[in-house]
Amino acid sequence: MNYDDLQLITHWAQVVQLRDDGLLTPAELTLIDAASRGETAQISLTVPNLKASGVLIRAALLRYLIIGGCKDFRTQPNGITVNGAWIAGRLDLSFTAAHGPVDLYNCYIAEKPQMLQLQADGLALVGCTLVEGLNAARIQISGNLTLNRTRSAGKISLSGGEIRGHLSCTGAKLRNPGGSAFKAQGISVSSSVLLENTTAEGMVSLLGARIGGQLVCIGVSLHNETGHALNAQSAQVRGDAFLRDAVTTGEVSLLGAEIGGVLDCSHAEMRNPDGYLLNAQRLVVKEGFIWRRLKDLSGAVDLTSAHVGDLWDDPESWAKCDRLYLSGFIYDVLHGGIDVDDRLAWLQKGAVSRREFYPQPYEQLAKLLRDTGHRSDARAIMVAKEKEQRKAARERWGRERDWRRDLLAASHMNDADRAEAVAVLTRRRPHDEHLARLVLLHPVKGADGFVDPLTLHYAQTQYRGEQRWFNLRKQMRHVGSLIADRIFGLVVGYGHKPERSFYMLMVLVLIGSVLADNAWKRGDFAPAQGPVLMSADWQALATDERIDNPAQLWSDKYMAAPDGTAVLTAGRDYETFNALAYAVDIVVPIVSLGQEASWAPSTTRGPWGWWLWWIRWLLIIFGWIVTAIGAAAVTGVIRRD
């Protein structure tokens, strides 16, 4: 019997015949002896680099011993342990049950082992070289599965497996460029998944995995430039997940994953310039997300609709992201700095997606700051949100205005230029109804006409008029919005700082009081009451060239007679002038102190009266605007939330 032709060993008699025929290698004899005593088959101390009889164990014999032998030769319950063997042939353990744990140390496995749906107490391929990888899909291990320091040049598949202990693949070197280096989709691990210090070329997939302990990827080096470096979409990790000191090239996807502990990405280097370096959409982290001291980042970070407990971050790490998406990102506690400038830079970077502005990131931070007592910082964040939101709206209108302008320009072109312009416009908005009308109203020359030329001309003229009118309306709306935004922002901080209206009123009152005081001192005021103004006593004072300030003499109790004696004035009972009260009267429309009704600046007596006469109209207008907006902000007509 030729051993090389043997496909399967099922009986001890076959082994005896091989031994009697001298077809068993020294390594295989050592293995049989060790299996009979339940000891380690110590073939060599390192991974063999040559296929020699002293280290050669063929897969058919190893399989026979792993599944427990037969009734004539039963292996020990502590399983099979081999160290330093060259395993030739395909080790096929699919749909079998191992008799005890299977431990292979420092073995060279020439062909891909088939362990599909294998049942075993434990499986260890420690320090082994897997030339073609490993197929262990739906494997069932009641203990631990260990792949520490393994070198694999093909895909390692553990998809759908169930491991009641831990899955350890630390210090391994996995290589399958362009494909999956480590595929454990849908795996269930009762304890932890350990990938510490592992290097992989190709995708590491834990898609849909259920991990009862921790996911430890500390110090890993994962590279897959054309796809996912780490795919843990929809994974469920009951404990912590560590990507600390990880180096990744390609997308790290935690989309829809749930982590019961902490997600730690500190000190990592993550690169995917043309895509997501971290895709964490709808990620849920119950305890905390650590994004601090990142070493190097290239690509986008997407935290859309993610929800984390505590957020530990620093502005330097966020600044290293090329693109950032924060729409719907919720965090319950913020442990990073609350410097408003740093946070605004973070929000400005993350609140815009595909040229659309999302206010939620601003509102989320402002809510948290308010709840923790940082009310002034919260208001600054909300004011910035209003500015950016209004700016984004104007930019959106501007894009629509530019689009209509391009349609209008194309409508005026000749047929050849229009065809080229339409091709460009179609790439920008392939399903735009106005573009479709443009094409319909400008048929190619020589095509069969479905309407007469005059009707077509009128339709084209109407189309162009619509585009011009649209652009005019958008331009007017843009200007009006810009003016209104500036006023609301300046006066009440978009409703978040209503006290500004009081300060502005004080400034207007101060300006008015300075002007009024100077106009009064220089005699540029006169009574505003008609009967007083036309009375003989006032006319005598007003027309006397020797009197520089008749209004002041009119309101004084005494005045000097021609002989120098003091006499009572005719206007001693008239309203006494006060510059500050006069300014309040003209600036604050809801207050009437009687000053404006009693005194009026004269435009003919001096420059101060002339300036006050005109400037008071501006003060009245500004006073109305500031008072109305301030009252609306205080009473809640202008909503702040």
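Structure report, in brief. (Residues numbered from 1 in each chain as written. Predicted model: local features only at pLDDT ≥ 70, side-chain atom pairs only at ≥ 80, totals over all residues. Heavy atoms only, no water.)

### Describing the nonpolar core
Step number 1: Ranked by internal contacts, the top residues of the largest apolar core, which has 126 residues, are V82, F182, F289 and W291.
Step number 2: Among the elements that make up this core, the one with the highest residue count is helix 3 (residues 59-66) (7 residues).
Step number 3: Residues contacting W291, with those up to four places away along its chain left out, are C265, M270, L277, L278, L297, V301, W312, D313, D314, S317, W318 and C321.
Step number 4: If you look at the next biggest cluster of nonpolar residues, it comprises 30 residues, including V509, F577, Y582 and V587. (Core = buried A, V, L, I, M, F, W, Y, C linked by side-chain atoms within 4.5 Å. Buried < 20%, exposed > 50% of the residue type's maximum accessible area, 1.4 Å probe, protein only. Helix = DSSP H or I, 4+ residues; strand = E, 2+ residues; numbered from the N terminus. Contact = heavy atoms within 4.5 Å.)

### Considering the environment of V587
Step number 1: Looking at the secondary structure, you find V587 in helix 15 (residues 579-587).
Step number 2: The spatial distance from the C-alpha of V587 to the C-alpha of V509 is 6.2 Å, given a sequence separation of 78 residues.
Step number 3: Contacts of V587, omitting those with residues within four sequence positions, involve L505, L508, V509, L619, G623, W624 and T627.

### A word on a nonpolar patch on the surface
Step number 1: The grouping of W610, W611, W614 and W617 at the surface amounts to a nonpolar patch, some 500 Å² of accessible area in total.
Step number 2: Looking at where W614 falls in the secondary structure, it is placed in helix 17 (residues 607-635). (Patch = residues over 30% accessible without salt bridge, like charges linked within 9 Å, V, L, I, M, F, W, Y side chains within 5 Å. Areas by Shrake-Rupley, 256 points an atom, 1.4 Å probe, with all protein chains shown as cover. Salt bridge = Lys/Arg side-chain N within 4 Å of Asp/Glu carboxyl O.)

### Points about the packing of helix 7 (residues 375-411) against helix 9 (residues 433-441)
Step number 1: In the contact formed by helix 7 and helix 9, the axes pass within 11 Å of each other and the chain directions differ by 5°. Regarding the angle of helix 7 to helix 9, the classification is roughly parallel. Contacts between helix 7 and helix 9 involve W403, R404, L407, A410 and S411 on the former and, on the latter, H434, L435 and L438.
Step number 2: By residue class, the composition of the contact of helix 7 with helix 9 is 5 nonpolar, 2 polar and 1 charged. (Axes fitted to C-alpha atoms, helices over the stretch in contact; angles between N-to-C directions. Parallel < 35°, antiparallel > 145°, perpendicular 65-115°, else oblique. Nonpolar A, V, L, I, M, F, W, Y, C, P; charged D, E, K, R; others polar.)

### Points about unusual backbone geometry
Step number 1: Residues other than glycine seldom take positive phi values, yet R138 does so here, at roughly 55°.
Step number 2: Mapped onto the elements, R138 comes out in the loop between strand 12 (134-135) and strand 13 (140-141).
Step number 3: With phi around 60°, S305 is a residue other than glycine that occupies positive phi space.
Step number 4: Tracing the backbone shows S305 in the loop between strand 33 (296-302) and strand 34 (307-313).
Step number 5: We classify S305 as partly exposed; its relative accessible area is 41%.

### Notes on helix 3
A turn of α-helix holds 3.6 residues, and therefore any two residues three or four places apart point the same way.
Step number 1: Among the 8 residues of helix 3, 8 are classified as buried, and the element is accordingly described as predominantly covered.
Step number 2: Inspection of helix 3 places A59, A60, L61, L62, R63, Y64, L65 and I66 among the buried residues, and these make up the whole buried set.
Step number 3: Where helix 3 terminates, the next one or two residues include G68, which has phi positive at roughly 105°.

### Digging into the side chain of R63
Step number 1: For R63, the position within the fold is in helix 3.
Step number 2: Although R63 lies buried, it forms no salt bridge, and the closest oppositely charged side chain, D92, sits 5.7 Å away as judged by the N-O distance.
Step number 3: A polar contact of 2.8 Å, which involves the side chain of R63, links it to the backbone oxygen of D92.
Step number 4: If we skip the residues at most four places from it in the chain, R63 touches L8, I9, L91, D92, L93 and T96. (Lys, Arg positive; Asp, Glu negative; His and termini not counted. Polar contact = N/O pair within 3.5 Å; in protein donor to acceptor, adjacent residues only side chain to side chain.)

### Some thoughts on the packing of aromatic side chains
Here the distance between the centres and the angle between the planes together describe a pair of aromatic rings.
Step number 1: Under the definition given, this model contains 21 aromatic pairs.
Step number 2: Measuring from centroid to centroid gives 5.0 Å for W520 and W599, while their planes differ by 85°, and the two rings are edge-to-face. Taken together, the positions of W520 in helix 11 (residues 499-521) and W599 in strand 42 (residues 599-601) put the pair 79 residues apart, joining distant regions of the chain. Each of the two residues, W520 as well as W599, counts as buried.
Step number 3: Three or more aromatic residues joined by ring pairs form one cluster here, namely F289, W291, W318, F329, Y331 and W346.
Step number 4: Across the ring face of F470, the terminal group of R404 is positioned such that the distance to the ring centre comes to 3.8 Å.
Step number 5: Against the face of W617 rests R616, its NZ or CZ located 4.8 Å from the ring centre. (Phe/Tyr/Trp six-rings, centres within 6.5 Å; stacked < 30°, edge-to-face > 60°. Lys NZ or Arg CZ within 6 Å of the ring centre and 35° of its normal.)

### Some remarks on the packing of helix 8 (residues 415-428) against helix 9
Step number 1: Where helix 8 contacts helix 9, the two axes come as close as 10 Å, and the packing angle between them is 160°. It follows that helix 8 is roughly antiparallel to helix 9 by the angle criterion. Both helix 8 and helix 9 take part in a crossing whose hand is left-handed. Along its contact with helix 8, which presents V422, L425 and T426, the element helix 9 presents L435, L438 and V439.
Step number 2: Of the residues in the contact of helix 8 with helix 9, the class split is 5 nonpolar, 1 polar and no charged. (Left-handed = near helix turned anticlockwise from the far one by under 90°.)

### Quick word on the pattern of salt bridges
Opposite charge on two side chains makes pairing possible when the charged atoms of those side chains draw close.
Step number 1: Here the structure, examined in full by the defined rule, presents 28 salt bridges.
Step number 2: Close ionic contact of R37 with E39 constitutes a salt bridge, the shortest N to O distance being 2.2 Å.
Step number 3: In this structure E39 comes out as partly exposed when scored by relative accessible area, which is 41%.
Step number 4: We note a salt bridge from E269 to R271, for which the minimum N-O separation is 2.7 Å.
Step number 5: Taking relative accessible area as the criterion, R271 reaches 26% and is therefore assigned partly exposed.
Step number 6: Three or more residues are tied together by salt bridges with common partners; here these are E363, K385, E386 and R390.

### Digging into the pairing of strand 19 (residues 173-183)
Step number 1: Here 2 bridges tie strand 15 (residues 151-152) to strand 19, and the two strands are oriented parallel to one another. Within strand 19, the position partnered with R151 by the bridge is K173.
Step number 2: In this structure, strand 16 (residues 156-157) lies alongside strand 19, joined through 2 bridges in parallel fashion. Each bridged residue has a counterpart across the sheet, and for S157 the counterpart in strand 19 is K183.
Step number 3: In the sheet, strand 19 pairs with strand 22 (residues 199-205) via 6 bridges, with the strands oriented parallel. In the sheet register, K173 faces strand 22, and the bridge partner there is T199. (Pairing = 2+ DSSP bridges.)

### Quick notes on helix 1 (residues 12-20)
Step number 1: Along helix 1, the residues that are buried comprise W12, Q14, V15 and L18. For helix 1, the buried positions fall inside an angular range of 155° around the axis, keeping them on one side. Projecting away from the buried face of helix 1 at angles above 90 degrees are the exposed residues A13 and D20.
Step number 2: On its buried side, helix 1 packs onto helix 2 (26-37), helix 3, strand 3 (69-70) and strand 4 (73-74).
Step number 3: Taken from the residues just after helix 1, G22 is the one with a positive phi, measuring 75°. (Arc of directions from axis to C-beta.)

### What to know about a negative patch on the surface
Step number 1: On the surface, E316, D339, D341 and D342 cluster together into a patch of negative charge.
Step number 2: Tracing the chain through its elements places D339 in the loop between strand 36 (330-334) and helix 5 (340-350). (Charge placed at Lys NZ, Arg CZ, Asp CG, Glu CD.)

### Brief notes about the environment of S159
Step number 1: Counting through the fold element by element, S159 comes out in the loop between strand 16 and strand 17 (162-163).
Step number 2: When the C-alpha positions of S159 and D33 are compared, they lie 35 Å apart, and in sequence the two are 126 residues distant.

Purely geometric numbers; function is a separate question.
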